[in-house]
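Survey of secondary and tertiary structure
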Amino acid sequence: MSNNEENNRFTIQSFKSVECFDVSADVLVCGFGGAGGSAALEAALAGAEVVLFERASGSGGSTGMSSCEMYLGGSGGTALQKELGYEDSTENMISYLEMALEERGDPEKIRTYVEGAADHYDWAVSLGVTYKPAVMLERDVVPLTDESLLFTGNERTEIFKRKADPVPRGHVPSHEGDFGGRIFMDALTDAVEKAGVDIHYDSRVIRLLVKADGRVAGVVAREDNKEVFYEARRGVVLASGGFIMNKEMTAKYIPEIHSWATPYGNPFDMGDGIRLGMAAGGSVINMDQAFLSFPLYPPAKLTNGIMVNLQGDRFVNEDAYLARLGHYSSLQDEQRTYLLVDQDDYDHPMYIERLDVVAVGDTIEEIERESGLFPDGALQETVAFYNKFAETSQDPKFHKSPEWIKPLKAKPFALLDLSFENQTAVIMPGTTGPLTFSLGGLDTLPSGEVISVSGSVIPGLYAAGRVTAGLPRTSKGYASGMSVGDATFFGRLAGKSAAANAGQV
Ligand SMILES: Cc1cc2nc3c(=O)[nH]c(=O)nc-3n(C[C@H](O)[C@H](O)[C@H](O)COP(=O)(O)OP(=O)(O)OC[C@H]3O[C@@H](n4cnc5c(N)ncnc54)[C@H](O)[C@@H]3O)c2cc1C
């Protein structure tokens, strides 16, 4: 099929043109990952007759591949936070998220999410997902041991601490190894089945059926090589994930990232739901933003070093979360950046195996000469300035936390290459650049209702998860757990809203 034919599929068809529906149900949900499963479950529990379509042969999507970290807190703390002695007020968590998401954050979504996040943890537990009351305090992305609580963002960095008390909010199902997503999706799938949802695997939603007044009132799905027509008596929920696997869309919306990052997601992250929503008049926002990972995280010990660009200048506090490091690195010339460490810290096998050593020398001048990268004297100036303040554990330029500040003195020094073209993700050998997934999509209200290009609500159409611009909006402010937390939390709200929509019939 040509690209044009492929793209023409994701469109609308007049409801009236359908002579006979194969199936009629209250709520139709497109995609059985975290958002879709949560939506279908809540709609069914609210008494709706629900059909759930999944293009793959089983549930999961990117949620199933994920660690299933959920970013939760507020309301005094989740049960897990409280059990571990952490207090987390709603206003504290909101302050953190507002600072993290800056002007791109959606204040209504932030507040709705934070006010319900502690209950959302209880909901995950009620599905049968187990969390161990143990906290991991190292700087890491996910525990490979079985602790269930950790810091997954920039909470402990100096500039964030000025606005919000640091509290660990990454909640991950307890298991040795990285299997959280599958554990969660198995529990959710079980609940969805028990709630009586009619699940159609190997079923790809390709068109929305729209009434003359603009109401979305059904879908066309491709099953067994046939087009099957479904009527939605109350509403349609789009939950088909993001667009990171669709090369045309990444080239159009995130062209730079498309050129140097590796897509991270399930193969069906093709933007189907975004295209369907747009065809029905839905507005898309934040389409130029994506999550970017970065391999300098862990090992934390190398945070004692400094990151520099081709000008020999530092450009970020090195203790920032990996997504923020990815963001600031992406802004440097040619995305070329380097890590300078001294002898005391350069002993981590993961780094020695994975990163090119550009230069080794007893002085910074030697490093400059051997690397041939920087303007004469620039790196020496940077290190001299850094060391001067490091003596008293200060970083007046980027405010790295004192715990990671020490003067670079122990020779020899090593300069390691962190440039995107030389990066390989440990979890995806053979890839280059940071791993990425999209953060833009349909504009929705917290209820899941999709907003049209003219600013009104599209009747009968709901969306949640990466098909929308949800809670996470930038790599700069990303904290792990924002995506699965957002997809499942707002998925539940979208399912409830669709089930409550009596105006369709
Ligand atoms: C390896 C990995 C680890 C991650 N770890 C975390 C983490 O720990 N915490 C976190 O917050 N985020 C994490 N993320 C990101 C997060 O997993 C996703 O952003 C989030 O799970 C998306 O949820 P979703 O429900 O919107 O989409 P998905 O879970 O991807 O579900 C969408 C579903 O829709 C289906 N679909 C697509 N098109 C159609 C169609 N036309 N018709 C029918 N079905 C369709 C897909 O097959 C898929 O099953 C991770 C991502 C990856 C790839």
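Cut-offs used in this document
- Residues numbered from 1 in each chain as written.
- Predicted model: local features only at pLDDT ≥ 70, side-chain atom pairs only at ≥ 80, totals over all residues.
- Heavy atoms only, no water.
- Helix = DSSP H or I, 4+ residues; strand = E, 2+ residues; numbered from the N terminus.
- Rg over C-alpha atoms; globule rule 2.2 N^0.38 Å.
- Buried < 20%, exposed > 50% of the residue type's maximum accessible area, 1.4 Å probe, protein only.
- Areas by Shrake-Rupley, 256 points an atom, 1.4 Å probe, with all protein chains shown as cover.
- Near = heavy atom within 4 Å.
- Polar contact = N/O pair within 3.5 Å; in protein donor to acceptor, adjacent residues only side chain to side chain.
- Salt bridge = Lys/Arg side-chain N within 4 Å of Asp/Glu carboxyl O.
- Pairing = 2+ DSSP bridges.
- Axes fitted to C-alpha atoms, helices over the stretch in contact; angles between N-to-C directions.
- Parallel < 35°, antiparallel > 145°, perpendicular 65-115°, else oblique.
- Left-handed = near helix turned anticlockwise from the far one by under 90°.
- Contact = heavy atoms within 4.5 Å.
- Nonpolar A, V, L, I, M, F, W, Y, C, P; charged D, E, K, R; others polar.

**What about the overall build of the protein?**
Looking only at helices and strands, one finds 16 helices and 22 strands in the protein. Expected size for 505 residues packed as a compact globule is a radius of gyration near 23 Å; at 24 Å, the protein falls within 12% of this value. With the C-alpha coordinates of the protein rotated into their principal frame, the extents come out at 80 × 55 × 40 Å. Per-residue burial for the protein yields a buried fraction of 61% across its 505 residues. Approximately 19,100 Å² of the protein is accessible, and the part contributed by carbon and sulfur atoms is 50%.

**With respect to the site of the ligand**
What surrounds the ligand is a group of 38 residues, the closest being Glu-54, Ser-62, Thr-63, Asp-272 and Val-484. At 3.3 Å from an oxygen atom of the ligand is found a main-chain nitrogen or oxygen belonging to Gly-34. Within the backbone of Ser-62, one N or O atom sits 2.8 Å away from an oxygen atom of the ligand. Of all the elements in the fold, those that place two or more residues in the shell around the ligand are helix 2 (34-45), helix 3 (61-65), strand 9 (203-210) and helix 16 (482-500).

**Comments concerning the pattern of salt bridges**
All chains considered together, the criterion is met by 28 salt bridges. Across the pair Lys-161 and Glu-158 runs a salt bridge, and its minimum N-O distance is 3.2 Å. Taken together, the positions of Lys-161 and Glu-158, both in helix 7 (residues 158-161) and three residues apart, correspond to about one turn of that helix. Several salt bridges converge on common partners, so that one network encompasses Asp-26, Glu-49, Arg-233 and Arg-234.

**As for the pairing of strand 16 (residues 337-342)**
Counting buried positions along strand 16 yields six of six residues, so the element is predominantly enclosed. Side chains Thr-337, Leu-339 and Val-341 of strand 16 all project onto a buried face; the interleaved residues Tyr-338, Leu-340 and Asp-342 project onto the opposite face, where all are buried too. Sheet topology places strand 15 (residues 306-309) next to strand 16; four bridges connect them, and they run antiparallel. What sits directly across from Asn-309, in strand 16, is Thr-337. For strand 16 and strand 18 (residues 413-417), the ladder comprises five bridges, and the chain directions are antiparallel. By the bridge assignment, Tyr-338 is partnered in strand 18 with Asp-417.

**Looking at the packing of helix 2 against helix 8 (residues 180-194)**
Packed helices, taken two at a time, are described by the angle their axes make and the gap between the axes. With their axes 9 Å apart at the nearest point, helix 2 and helix 8 run at an angle of 30 degrees to one another. With respect to helix 8, the axis of helix 2 lies roughly parallel. Note that helix 2 runs across helix 8; the crossing there is left-handed. Contacts between helix 2 and helix 8 involve Gly-34, Gly-37, Ser-38 and Leu-41 from the first element and Met-185, Leu-188, Ala-191 and Val-192 from the second. Across the contact of helix 2 with helix 8, the residue classes break down as five nonpolar, three polar and no charged.

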